[in-house]
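# Descriptive analysis of the structure
Chain residues, written in single-letter form:
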Amino acid sequence: MGVDLLHYRPWRGRFHGPFAGVWPIARVALWMMFRRKLFWVIYGLGLSLFLLFFFGQYLLAWSESQLGESTVSIMGVKEDPRRIVDFFKSLLKMNGSAETYRNYFWYQGYMVMVVLALAGAIVVGNDFQFGSLPFYLSKPVSRWHYLLGKCLAVAVFINLMTTLPAIALFVQYGLLDSWDYFVDQSRLLGGILGYGLVLTVCWCLLLMATACWLRRTVPLTMAWTALFFFVPALVRGLVDVLHYDARWRLLDLWNCAYLVGNRLLGIPHRAISPSPQPPVYLAALVLGITCVICLSYLNLRIRAVDIVR
């Protein structure tokens, strides 16, 4: 039987290298997450924090204009305007300084951890659980292209909740203040991008390694809960209550990223709370060693997969 009778149509497009396969892998992973209603619920909750910072500036300006009044009405509730101003200035530092973006990254991190726990099981764990990984690796792509594609998808989730909203806040503060804000605080934009890059690289590799190890949603969620909720609570008890050495805080990876992020934003080490804190170079060293360990484990784990080409 001739080829024409089989209705075979040869490829007439342009052939690309194996690196071009990174985007299809990332696109499929993104589609798997975006079709989940739970993801949009969690993302909506995370977006509420951004809206608090975004509209908090307008509420702060309005409250300062009402300082001569004894009470003001907000949604039918009587409030002292001084309490509103103190809340936004002391707790959230809504003044467009480096502390503003530091606090946003810190508080938003809790929602990021929940999204990553869900993404790890769906985007990575299912490939091992249902045998999709041999299909990817049987194509003319290497294991590094596969890892890069999955990390690219996870990076989109992280930056959708942290870096991009922080840049939007930076633009908003500049428009509300003056154009001189963009010039005087230009270092902050680099710090925001650097902080987002640290979170992207570290959490992508850690999530990939954890998802390859545990695969299922419930064990992965428990592991992330222990890593980012139980360990920080344990460390705070050791350092703040029992007064152990501040280097015990290095066990908390989120605190390590927090220290590096503060340095990138230009915040002095003595101004970091809670104190005392270990040196920043030790925190960067711990994050680097963690990334190397995760890469080594991922390399060994994916090389062990049987592939039929």
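As a reminder, the structure under discussion sits directly above these lines.
Read on for an overview of the structure. (Residues numbered from 1 in each chain as written. Predicted model: local features only at pLDDT ≥ 70, side-chain atom pairs only at ≥ 80, totals over all residues. Heavy atoms only, no water.)

Glancing now at the overall build of the protein chain. Tallying secondary structure elements over the protein chain gives 12 helices and two strands in all. In the protein chain, buried positions account for 45% of the 309 residues. Taking contacts inside the protein chain between residues at least 6 apart in sequence as the whole, the part at least 24 apart equals 72%. About 16800 Å² of surface is accessible on the protein chain, with carbon and sulfur atoms providing 66% of the total. (Helix = DSSP H or I, 4+ residues; strand = E, 2+ residues; numbered from the N terminus. Buried < 20%, exposed > 50% of the residue type's maximum accessible area, 1.4 Å probe, protein only. Contact = heavy atoms within 4.5 Å. Areas by Shrake-Rupley, 256 points an atom, 1.4 Å probe, with all protein chains shown as cover.)

What follows deals with the packing of aromatic side chains. Tallying each qualifying case throughout the model produces 25 aromatic pairs. Summarising the aromatic geometry, the rings of Phe-39 and Trp-40 are spaced 5.2 Å apart at their centres and angled 70° between planes, so their arrangement reads as edge-to-face. The partly exposed category is assigned to Trp-40, whose relative accessible area is 44%. Aromatic ring contacts, followed pair by pair, group Trp-106, Tyr-110, Trp-203, Trp-224, Phe-228, Phe-229, Trp-254 and Tyr-258 into a single cluster. (Phe/Tyr/Trp six-rings, centres within 6.5 Å; stacked < 30°, edge-to-face > 60°.)

Among the surface-exposed residues, Leu-47, Leu-51, Phe-55, Tyr-58 and Leu-176 lie close enough to one another that they form a single nonpolar patch of about 450 Å² accessible area. With four residues, the single largest contributor to the nonpolar patch is helix H2 (residues 37-65). Counting through the fold element by element, Leu-176 comes out in helix H7 (residues 163-176). (Patch = residues over 30% accessible without salt bridge, like charges linked within 9 Å, V, L, I, M, F, W, Y side chains within 5 Å. Salt bridge = Lys/Arg side-chain N within 4 Å of Asp/Glu carboxyl O.)

Examined against the element boundaries, Leu-169 turns out to sit in helix H7. Through-space distance from the C-alpha of Leu-169 to that of Phe-53 is 7.6 Å; in sequence the pair is 116 residues apart. If we skip the residues at most four places from it in the chain, Leu-169 touches Phe-50, Phe-53, Phe-54, Tyr-101 and Tyr-104.

For the rest of this paragraph, the subject is helix H10 (residues 217-241). Compared with an ideal rise of 1.5 Å per residue, which puts 25 residues at 36 Å, H10 spans 34 Å between its outermost C-alpha atoms and is within 8% of the ideal. Helix geometry: H10 is bent most strongly at Ala-226, by close to 35°. All buried positions along H10 are accounted for by Leu-220, Trp-224, Phe-228, Val-231, Pro-232, Val-235, Leu-238 and Val-239. Where the residues of H10 are buried, they touch helix H4 (98-129), helix H9 (186-214) and helix H11 (253-265). At the exit of H10 stands His-243, carrying a positive phi of roughly 60°. (Expected span 1.5 Å × (residues − 1). Bend = angle between axes of the 7 residues up to and from the residue.)

By volume, the second largest pocket amounts to about 180 Å³. Around the second largest pocket, the lining residues are Trp-144, Leu-147, Leu-148, Cys-151, Leu-152, Ala-155, Thr-200, Val-201, Cys-204, Leu-205 and Leu-295. Those elements giving two or more residues to the lining of the second largest pocket turn out to be helix H6 (143-161) and H9. Sort the elements by how many residues they give to the lining of the second largest pocket and H6 lands first, with six residues. Classifying every residue of the lining of the second largest pocket by side-chain character gives 10 nonpolar, one polar and no charged. (1 Å grid on protein atoms, 1.4 Å probe; cavity = no way out; pocket = protein on both sides within 12 Å on 5 of 7 lines; lining within 4 Å. Points joined across faces, edges and corners; volume = space filled by probe spheres on them. Nonpolar A, V, L, I, M, F, W, Y, C, P; charged D, E, K, R; others polar.)

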